[in-house]
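What follows is each chain in one-letter form.
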Amino acid sequence: MSIHTPADVHSGATSEEMVARAVALQPLLRQYAGYGDAHRRQPDEVIAAMTEAGLFGLLVPKRFGGQQANLRTLLNVTEALAEVDGSAAWVVSLGAVAGWLVGLASERARDEVFGEAPDPRIAGSINPTPAERVDGGLLVSGRWAYASGAPHATWAVVGALVPDDAGTPEVLLCLIPMAQLTVEDTWHTVGMRGTGSHHLAAEDVFIPDHRTIRLSDIAEGTSANGAAEVDDRPHTGSVLSLSILCPLLGLGRAALALATEKADAKPLHHTVYDRQADSVGVQLQLARAALALQTARLHAEHVVDELDAAAVRGIRPDYAARAQIRAQCGYAMTQALEAVNIAADLYGAGSFAEASPMQQVWRDANVIARHAGQNAAVGYEVLGKALLGLPERISPTV
């Protein structure tokens, strides 16, 4: 039985209000610019402010105190954050989607996770490590890489590989309190340093059955566990691909803004142009970058609108639709990255001065674009096989 009562229900903010909260956080993110690079995590003050704004509970059901927002809101919120700090946007985007995952778990698991707070900070890594089936659950020992937001997390979602009833290996996602895990300081990268995506480690940690979710159920959208509030929320693992893309769009906007501002104020060295903006070559490149980013945004908007509309109608997207979304997200990623790279070219060698904001945007964007969950070639293969009617499925999250 749920521990929540009607008095606990959070009315939730509108989409416009949530985006306004994200925009209002931009000055704070600017104040702490550089902190993530130096400390490889978000500052406590930023995490506290984003928590207070309800961003980590963006996709949490309303009756648990969350916002139960749609995916268009997730897109707009994370894009606004990433215009200033890609790492902060990433932590929110993945953390919000982790809250969505918990919303698909058993009633008992949701009470345990959301009972502490309506917007728990959840780190995660779905790459599975072998686990042992024991009476009432699983016993897990192992390590999980790339657990974004680990330094401030209260819970974790990690993958476990176990045999099903027929002896076939299957991946389960396990909900574990962070107090039962160890954070290993392993996140040493050239970009997205402020995400704190360290390793998590477990030693003989018991996970009860009610705190496990089958990854295949998430992809298929069949893990609602009878919860009514899931009916107007997304039903598919396609949300995972979308969460990776959203911050990159904000970084693209930041890169274009920086390149445009410089073009109006700086000469084009080794030419006769006193302003870069007067060069036809610069004009053409800026136009290409703007159109590439617009292409990426249009694909992202199409994906969120399709998923939001399906959720409202209670429709579970079939495999063909999920394959299309996976490919669209990968393609949008390539277009957003192209926009960032063109903007950096326009900005010139000065992009890579340590004092230049462009170098951090460029580093963050290029790291995001290499995330395995957003590999464009994989997305194209998934879609190509689906279009040809081939039965092989190569991604467990589609």
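Keep in mind that this is a model prediction, so the values were computed, not measured.

Cut-offs and rules
Residues numbered from 1 in each chain as written. Predicted model: local features only at pLDDT ≥ 70, side-chain atom pairs only at ≥ 80, totals over all residues. Heavy atoms only, no water. Phe/Tyr/Trp six-rings, centres within 6.5 Å; stacked < 30°, edge-to-face > 60°. Helix = DSSP H or I, 4+ residues; strand = E, 2+ residues; numbered from the N terminus. Buried < 20%, exposed > 50% of the residue type's maximum accessible area, 1.4 Å probe, protein only. Lys NZ or Arg CZ within 6 Å of the ring centre and 35° of its normal. pLDDT = per-residue confidence, 0-100. Contact = heavy atoms within 4.5 Å. Core = buried A, V, L, I, M, F, W, Y, C linked by side-chain atoms within 4.5 Å. Polar contact = N/O pair within 3.5 Å; in protein donor to acceptor, adjacent residues only side chain to side chain. Expected span 1.5 Å × (residues − 1). Salt bridge = Lys/Arg side-chain N within 4 Å of Asp/Glu carboxyl O. Pairing = 2+ DSSP bridges.

Colleague: Quick one: what's the story with the packing of aromatic side chains, residue by residue and with numbers?
Modeller: Applying the stated criterion across every chain yields a total of 4 aromatic pairs. Where Y146 meets W187, the ring centres are 6.2 Å apart and the plane angle is 80°; that geometry is what we call edge-to-face. Residue Y146 is found in strand β2 (residues 137–147), and its partner W187 is found in the loop between β5 (182–184) and β6 (198–208); the two are separated by 41 residues along the sequence. Exposure remark for Y146: the relative accessible area of 54% places this residue in the exposed category. Taking relative accessible area as the criterion, W187 reaches 9% and is therefore assigned buried. Seen from their ring centres, F352 and W362 are 5.2 Å apart, and the 90° between their planes marks the pair as edge-to-face. In this pair, F352 is assigned in the loop between α11 (319–347) and α12 (357–368) and W362 in helix α12, connecting sequence segments 10 residues apart. With a relative accessible area of 47%, F352 lands in the partly exposed category. Look at W362 and you get partly exposed, because its relative accessible area is 29%. One cation-aromatic arrangement involves K262 over Y347; the distance from NZ or CZ to the ring centre is 4.6 Å.

Colleague: Tell me about the confidence of the model for the protein chain, residues and numbers included.
Modeller: Per-residue confidence for the protein chain gives a mean pLDDT of 90; residues scoring 70 or more make up 93%. In the model, residues 1–10 has pLDDT below 50 throughout and makes 20 contacts with residues more than four positions away in sequence or in other chains. Here residues 226–230 scores under 50 on pLDDT; set against residues more than four positions off or in separate chains, the count is 10 contacts.

Colleague: Before we move on, could you go through the nonpolar core and cite the residues and values that matter?
Modeller: Within the largest apolar cluster, 95 residues are counted, with the highest numbers of intra-cluster contacts made by M50, L55, L81 and W100. Top contributing element to this core by residue count: helix α9 (residues 238–263), with 15 residues. Within the second largest apolar cluster, 21 residues are counted, among which are A123, A150, A156 and L172.

Colleague: I'd love a proper account of the side chain of Q67, names of residues and values included.
Modeller: Summarising the element assignment, Q67 is placed in the loop between α4 (44–52) and α5 (71–82). Residue Q67 is classed as buried on the basis of its relative accessible area, which comes to 6%. A distance of 2.7 Å separates a polar side-chain atom of Q67 from the backbone nitrogen of A13.

Colleague: Residue-level account of α12, with values.
Modeller: With 12 residues, α12 should reach 16 Å at 1.5 Å per residue; the first-to-last C-alpha distance of 17 Å fits that figure. Buried within α12 are the following residues: M358, Q359, V361, R363, D364, A365, N366 and I368. Contact partners of the buried residues in α12: α3 (35–39), α6 (86–103), α9 and α11. The N-cap of α12, judged by a side-chain oxygen 3.1 Å from the amide nitrogen of M358 a few residues on, is S356.

Colleague: Residue-level account of the pattern of salt bridges, with values.
Modeller: Tallied over the full model, the rule gives 23 salt bridges. With a shortest N-O distance of 4.0 Å, R193 and D37 are connected by a salt bridge. Within this pair, whereas R193 is found in the loop between β5 and β6, its partner D37 is found in helix α3, the two being separated by 156 residues in sequence. One salt bridge in this structure joins R133 and E170, with 3.4 Å as the shortest N-O distance. Of this pair, R133 sits in strand β1 (residues 122–134) while E170 sits in strand β4 (residues 169–177), and the two are 37 residues apart along the sequence. Owing to a relative accessible area of 16%, E170 belongs among the buried residues under this scheme. Members of the salt-bridge network, linked through shared partners, are R72, E79, E83, R253, R297, E301 and D305.

Colleague: I'd like a rundown of the pairing of β6, residues and numbers included.
Modeller: A large share of β6 lies buried, amounting to 8 of its 11 residues. Alignment of β2 against β6, held across 8 bridges, turns out to be antiparallel. Paired with G137 across the bridge in β6 is P208. Pairing of β5 with β6, which is carried by 3 bridges, proceeds in the antiparallel orientation. By the bridge assignment, V183 is partnered in β6 with L200.

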